[in-house]
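Examining the three-dimensional arrangement
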Amino acid sequence: MSFAREASRAIRSTLVLWVIGAIIYPFLMIAIGQIAFPFQANGSLLTNSTGEVVGSALIGQPFSSDRYFNSRPSTTSYSTANPKKDDAGILQTGVSGASNLAPSNPALLERIKGKDDPDPSKKVEGDFNRLKTAGVEPTADLVYTSGSSLDPHITPKAAKAQIPRVAKARKIEPNQLETLIAENTDGRFLGIFGEPGVNVLKLNLALDKLKG
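Residues numbered from 1 in each chain as written. Predicted model: local features only at pLDDT ≥ 70, side-chain atom pairs only at ≥ 80, totals over all residues. Heavy atoms only, no water.

1. Overview of empty space enclosed by the protein
Taken as a whole, this structure holds one cavity of 30 Å³ or more when the rule is applied. Counted as a void, the largest cavity has a volume near 30 Å³. Lining the largest cavity, in full, are Ile59, Gly60, Gln61, Phe63, Ser71, Pro152, Asn199, Val200 and Leu201. Residues belonging to the lining of the largest cavity are distributed by class as follows: five nonpolar, four polar and no charged. (1 Å grid on protein atoms, 1.4 Å probe; cavity = no way out; pocket = protein on both sides within 12 Å on 5 of 7 lines; lining within 4 Å. Points joined across faces, edges and corners; volume = space filled by probe spheres on them. Nonpolar A, V, L, I, M, F, W, Y, C, P; charged D, E, K, R; others polar.)

2. What to know about the layout of surface pockets
As a volume, the largest pocket reaches approximately 380 Å³. Listing elements by their share of the lining of the largest pocket, those giving two or more residues are α3 (106-113) and α4 (127-133). The computed volume of the second largest pocket comes to approximately 160 Å³. Forming the boundary of the second largest pocket are His153, Thr155, Asp186, Gly187, Phe189, Glu195, Pro196 and Gly197. Residue classes in the lining of the second largest pocket are distributed as two nonpolar, four polar and two charged. (Helix = DSSP H or I, 4+ residues; strand = E, 2+ residues; numbered from the N terminus.)

3. Describing the UniProt feature "transmembrane region" (unreviewed entry) in the protein
Mapped onto this numbering, the UniProt entry gives "transmembrane region" (unreviewed entry) at residues 15-37. The span residues 15-37 is 96% helix and 0% strand, and its two end C-alpha atoms sit 31 Å from each other. (UniProt positions renumbered as here; feature names shortened; annotations may be inferred.)

4. Topic: the environment of Gln61
Looking at where Gln61 falls in the secondary structure, it is placed in the loop between β2 (53-56) and α3. Take Gln61: its relative accessible area is 22%, and that puts it in the partly exposed class. When the C-alpha atoms of Gln61 and Ser77 are compared, they prove to be 7.6 Å apart, with 16 residues separating the residues in sequence. Contacts of Gln61, omitting those with residues within four sequence positions, involve Val54, Gly55, Ser71, Tyr78 and Leu201. Within the local environment of Gln61, its side chain forms a polar contact with the backbone oxygen of Val54, the two atoms lying 3.0 Å apart. (Buried < 20%, exposed > 50% of the residue type's maximum accessible area, 1.4 Å probe, protein only. Contact = heavy atoms within 4.5 Å. Polar contact = N/O pair within 3.5 Å; in protein donor to acceptor, adjacent residues only side chain to side chain.)

5. Thoughts on the environment of Ile23
You can see Ile23 is positioned in helix α1 (residues 3-36). The class for Ile23 is partly exposed, based on a relative accessible area of 34%. For Ile23 and Ala7, which are 16 residues apart along the polypeptide, the C-alpha to C-alpha distance reads 23 Å.

6. A short note on the environment of Ser77
Within the secondary structure, Ser77 sits in the loop between β2 and α3. Along the primary structure Ser77 and Pro62 are separated by 15 residues, whereas in three dimensions their C-alpha atoms are 7.0 Å apart.

7. Re the nonpolar core
Phe69, Ile154, Leu177, Ile181, Val198, Leu203 and Leu207 are the most contacted members of the largest nonpolar core, which totals 28 residues. Elements represented by at least two residues in this core include exactly α3, α5 (140-143), α6 (156-161), α7 (163-170), α8 (174-183) and α9 (200-209). With residues near it in sequence (within four places) discarded, Leu207 still touches Arg67, Tyr68, Phe69, Val166, Arg170, Ile172, Leu177 and Leu180. (Core = buried A, V, L, I, M, F, W, Y, C linked by side-chain atoms within 4.5 Å.)

8. Quick look at the packing of aromatic side chains
Summed over the entire model, instances satisfying the criterion amount to one aromatic pair. The interplanar angle of 40° and the centroid separation of 5.8 Å between the aromatic rings of Phe63 and Tyr68 together place this pair among those described as tilted. Looking at Phe63, the relative accessible area reads 19%, which means it is buried. Residue Tyr68 is classed as partly exposed on the basis of its relative accessible area of 22%. Lying across the ring of Tyr68, Arg170 places its NZ or CZ 4.9 Å from the centre. (Phe/Tyr/Trp six-rings, centres within 6.5 Å; stacked < 30°, edge-to-face > 60°. Lys NZ or Arg CZ within 6 Å of the ring centre and 35° of its normal.)

What follows is the structure, given as structure tokens:
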């Protein structure tokens with residue numbers, strides 16, 4: 001068998017495999033995703049009552065209003081900083097990741113416990129006291145950040161701890177919020193992996209639809 005014939009066969013085989021692996025397979029997966037799993041394939045995007053996209057079910061975002069359930073803290077502010085004006089340096093090390101601060105690190109202690117100072121401009125109210133002041137019993141996930149700082153979930157306990165504040169701000173009955181939390185609690189994956197969690201964005205979207 002000649003070298004030319006062998007080379008021709010190798011080139012044809014390479015082209016066929018390239019067409020299968022680089023064109024047919026990717027487009028087939030895209031088609032299957034769009035047909036069978038359109039919500040997940042397009043980023044798990046969530047919309048409000050007017051149909052406007054307000055976020056993804058996979059990525060957390062900050063909520064600070066008393067009218068909403070708050071997310072857990074984030075070292076990256078959930079990557080909402082403006083890359084062109086990042087004075088706090090939030091995005092200098094990327095858009096996801098933990099602070100890696102040791103429990104004894106002064107910066108971590110200051111964020112959680114706060115800092116007293118005769119100069120009011122230098123005084124820092126820690127997250128623990130801020131939650132207490134708002135009438136929320138601090139839980140671990142309302143005080144500590146997650147490993148990714150993009151976690152969209154909080155524990156059911158953390159959600160229930162915020163019921164008095166949200167109920168007061170919206171003037172609705174606490175039992176309505178308890179029902180809403182139960183309806184928006186994701187169970188363990190396959191029933192055995194992980195822990196139940198409440199998707200904060202989904203919960204707050206459902207909250208806006210609730211009639212007080």
